[in-house]
Amino acid sequence: MRSQYKILFYVKKSAVKNNGKSTIMGRITLNGKSVQFSTKQEVYIKAWSTQAGKVIKTTKTPKAEADLINKNLDTIRMRINGYYWELYEKGDDIDAESLRNLLLGITQMQQTLLIMFDDFNKDLKESVGITICKCTYLRYVRTRNLLAEFLKKKYNLSDISIRKVSLSFIKDFETFLRVERQLGTNMVSKYLQYVKKIVRLAFDSGLIRTFPFSNYKLKREKPHIGFLTEQELLSMMNKKIGIERLEKIRDVFIFSCFTGLAYAEVSRLKKEQIGTFFDGREWILTDRSKTDNLVNVPLFKIPQLIIKKYEGRLKDNRVLPVISNQNTNGYLKELAAMCGINKNLKFHMARHTFATTITLTNGIPLETVSALLGHQDLRSTQIYAEVTGQKIINDLPKLNGKLNQLEQAVYSHNFLSLKKVEKIYYDLTIDE
């Protein structure tokens, strides 16, 4: 410890009580400033050793009593030292008065970033399955753990006072996520958004006077949603696979491509979730684990055949042979190489393929796709609405047909002469 830091016990000899004893006082000295406090311990003056700073055995003070008082004094010393090091490791300002106040319970320990995160996550966990999904809770836990890793690596701290979270701290954490963890812009923004939530709580509670995120703008990029084209999808479906584990992964992936269900929904899909609707078709009746939105998905021929393939072969009424998400994504990379698909294939691309290749490219309205995906609003679905080359090819004949009908109507009724049509078009282009 620093040489300026010292804890001393002494007897208040000038104030002898009616019982003949005096109070043992404590003194904390730090950086030249001292504060005193009562230890609540009493002793006869003759039983106090100033040199040793403890109680000794005398005629009126038996050894057992002396040992008990000395033990209590040691406990007080240990508590003060504990407060000192706790504040020191968190980077808080330390003075003698704050140590005394902590000992006496006059003030609470300064709130720290990770403690606030832990408290928030504890409350959040109780809401899982009620107002939030488990994946949201796990992302907050992940953010807290990344902060702990950052604090240790950057500052060699186990925690930090919430008052020390500054704009430079936020930028340093962003750099850590980008460089050390090699995360993309949107993922970095998401983690910083969770940190911002905790710091906002501290600001609203009056624990900090300024809000460090006021001068910080979270950066986001428009995500590029990867998906399989129709040719790539057919290549995977027609590929003969002699490896059972890859064949199962292929089947589950294709099933998701034709239903739009995410990994979480596919992994817990059971027979009782499949029923016949009023149209006579089999439908999957489930809810999105991410939003708890009700999702009704029609079962087309291909996913029906996949279900039939594994019928009676799985336990717990499960429909598909789903393994862990991590292993699934690992095997999908093998599968992509086997099928000649030069893409970083991940399971979530199946959902994107359903949205883009299976539905939107084939002219299904965005509102219908949004309902099939279980999105809460159209903004979530619009990220899939990339105009693919195949969709342009499919739509051009429709446009050409409508223009032909318009031209025939114009000329058959002699509504406008060709020259008049050309002049109107010319005038319109000039105005533009």
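To start, this report covers the structure provided alongside it. The structure displayed is predicted, hence computed values, not measured ones. (Residues numbered from 1 in each chain as written. Predicted model: local features only at pLDDT ≥ 70, side-chain atom pairs only at ≥ 80, totals over all residues. Heavy atoms only, no water.)

When their charged atoms lie close together, side chains carrying opposite charge are able to pair. A full pass over the atoms with the stated rule returns 15 salt bridges. Between glutamate 149 and arginine 181 there is a salt bridge, with its nearest N and O atoms 3.2 Å apart. Of this pair, glutamate 149 sits in helix H4 (residues 134-155) while arginine 181 sits in the loop between helix H5 (167-180) and helix H6 (185-204); the two residues are 32 residues apart in sequence, bridging distant segments of the chain. Owing to a relative accessible area of 32%, arginine 181 belongs among the partly exposed residues under this scheme. Of the charged contacts in the structure, one is a salt bridge between arginine 245 and glutamate 334, with a shortest N-O distance of 3.1 Å. Of this pair, arginine 245 sits in helix H8 (residues 244-257) while glutamate 334 sits in helix H11 (residues 325-338); the two residues are 89 residues apart in sequence, bridging distant segments of the chain. Judged by its relative accessible area of 33%, arginine 245 falls in the partly exposed class. For glutamate 334, a relative accessible area of 35% gives the class partly exposed. (Salt bridge = Lys/Arg side-chain N within 4 Å of Asp/Glu carboxyl O. Helix = DSSP H or I, 4+ residues; strand = E, 2+ residues; numbered from the N terminus. Buried < 20%, exposed > 50% of the residue type's maximum accessible area, 1.4 Å probe, protein only.)

Before going further, it helps to examine helix H12 (residues 348-359). With 12 residues, H12 should reach 16 Å at 1.5 Å per residue; the first-to-last C-alpha distance of 16 Å fits that figure. Counting buried positions along H12 gives 11 out of 12 residues, so the element sits mostly inside the fold. Buried within H12 are the following residues: Met349, Ala350, Arg351, His352, Thr353, Phe354, Ala355, Thr356, Thr357, Ile358 and Thr359. (Expected span 1.5 Å × (residues − 1).)

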